[in-house]
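# Observations on the model geometry
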Amino acid sequence: MTARYASSRITTLLKKGLPSSTKQNNPHASVAHWLLGTAAVVGGIVHVGGVTRLTKSGLSMTDWKPFGSLPPRTTEAWEVEFERYKTFPEYQQRQSMDLEDFKFIYFWEWGHRMLGRTSGIVFGVPALYFLGRGMIPKGYGKRLLVLFGM
């Protein structure tokens with residue numbers, strides 16, 4: 001594709017009212033890339049959430065720590081976590097599982113939670129940067145605050 005063709009293509013898109021994703025034609029392109037990237041992370045959360053649901057991995061982590069935690073590191077710690085899981089109703093659906101099966105479902109649930117936390121960072125940190133530099137388009141501030149709250 002030649003530069004001339006690309007330039008005329010961009011001009012055509014802009015005339016049709018479609019936003020450009022290059023800084024040359026759109027001063028808010030960086031914000032658009034950030035929002036599209038955040039949307040991709042949310043798509044990943046939905047995907048991992050679906051796998052978590054299909055593998056019946058949900059609620060395999062028996063405690064909730066808002067700022068996250070690492071999975072057990074030793075065999076003994078895994079056994080303690082597995083014994084705790086056995087006291088929950090979810091275990092009744094999967095009584096034939098062994099420790100390796102539990103680790104599999106645990107990692108799906110852990111990954112889903114970590115991806116959720118990551119999405120907050122992927123959205124929040126650039127939001128502060130763009131807000132601080134005055135790069136958020138006028139009228140988008142309240143919308144973005146609502147999105148962050150979700």
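Small disclaimer: the values here were computed from a predicted structure and weren't measured.

## Comments concerning the packing of aromatic side chains
A complete count under the given rule lists 15 aromatic pairs for this structure. Aromatic side chains Y85 and Y91 sit 6.0 Å apart centroid to centroid with 80 degrees between the ring planes, which places their arrangement in the edge-to-face category. The buried category is assigned to Y91, whose relative accessible area is 11%. Ring pairing ties together the aromatic residues W78, F82, Y85, Y91, F102, Y106, F107 and W110, which thus form one cluster. One Lys or Arg, R143, reaches over the ring of Y140 and ends 5.1 Å from the middle of that ring.

## Topic: the pattern of salt bridges
Counted under the stated rule, the structure contains four salt bridges. Of the charged contacts, one joins K86 and E83 as a salt bridge, the two residues approaching to 3.1 Å between their closest N and O atoms. Residue K86 and its partner E83 are located together in helix 3 (residues 75-86), separated by three residues, close to a single helical turn. The class for K86 is partly exposed, based on a relative accessible area of 28%.

## Some remarks on the confidence of the model for the protein chain
In the predicted model, the protein chain carries a mean pLDDT of 84, and the fraction of residues at 70 or more is 84%. Within the protein chain, no element has a lower average pLDDT than helix 1 (residues 3-15), which sits at 64, and none a higher one than helix 3, at 94.

## Topic: the nonpolar core
M61, W78, F82, Y85, Y91, M97, L99, F102, I105 and Y106 together form the largest nonpolar core, which totals ten residues. Elements represented by at least two residues in this core include exactly helix 3 and helix 4 (99-132). With residues up to four places along the chain from it excluded, the contact list for Y85 reads L59, S60, T62, E90, Y91, R94, M97, F102 and I105. Core analysis: the next-biggest nonpolar cluster, separate from the first, contains seven residues, V31, W34, F130 and L144 among them.

About the thresholds
Residues numbered from 1 in each chain as written. Predicted model: local features only at pLDDT ≥ 70, side-chain atom pairs only at ≥ 80, totals over all residues. Heavy atoms only, no water. Phe/Tyr/Trp six-rings, centres within 6.5 Å; stacked < 30°, edge-to-face > 60°. Buried < 20%, exposed > 50% of the residue type's maximum accessible area, 1.4 Å probe, protein only. Lys NZ or Arg CZ within 6 Å of the ring centre and 35° of its normal. Salt bridge = Lys/Arg side-chain N within 4 Å of Asp/Glu carboxyl O. Helix = DSSP H or I, 4+ residues; strand = E, 2+ residues; numbered from the N terminus. pLDDT = per-residue confidence, 0-100. Core = buried A, V, L, I, M, F, W, Y, C linked by side-chain atoms within 4.5 Å. Contact = heavy atoms within 4.5 Å.

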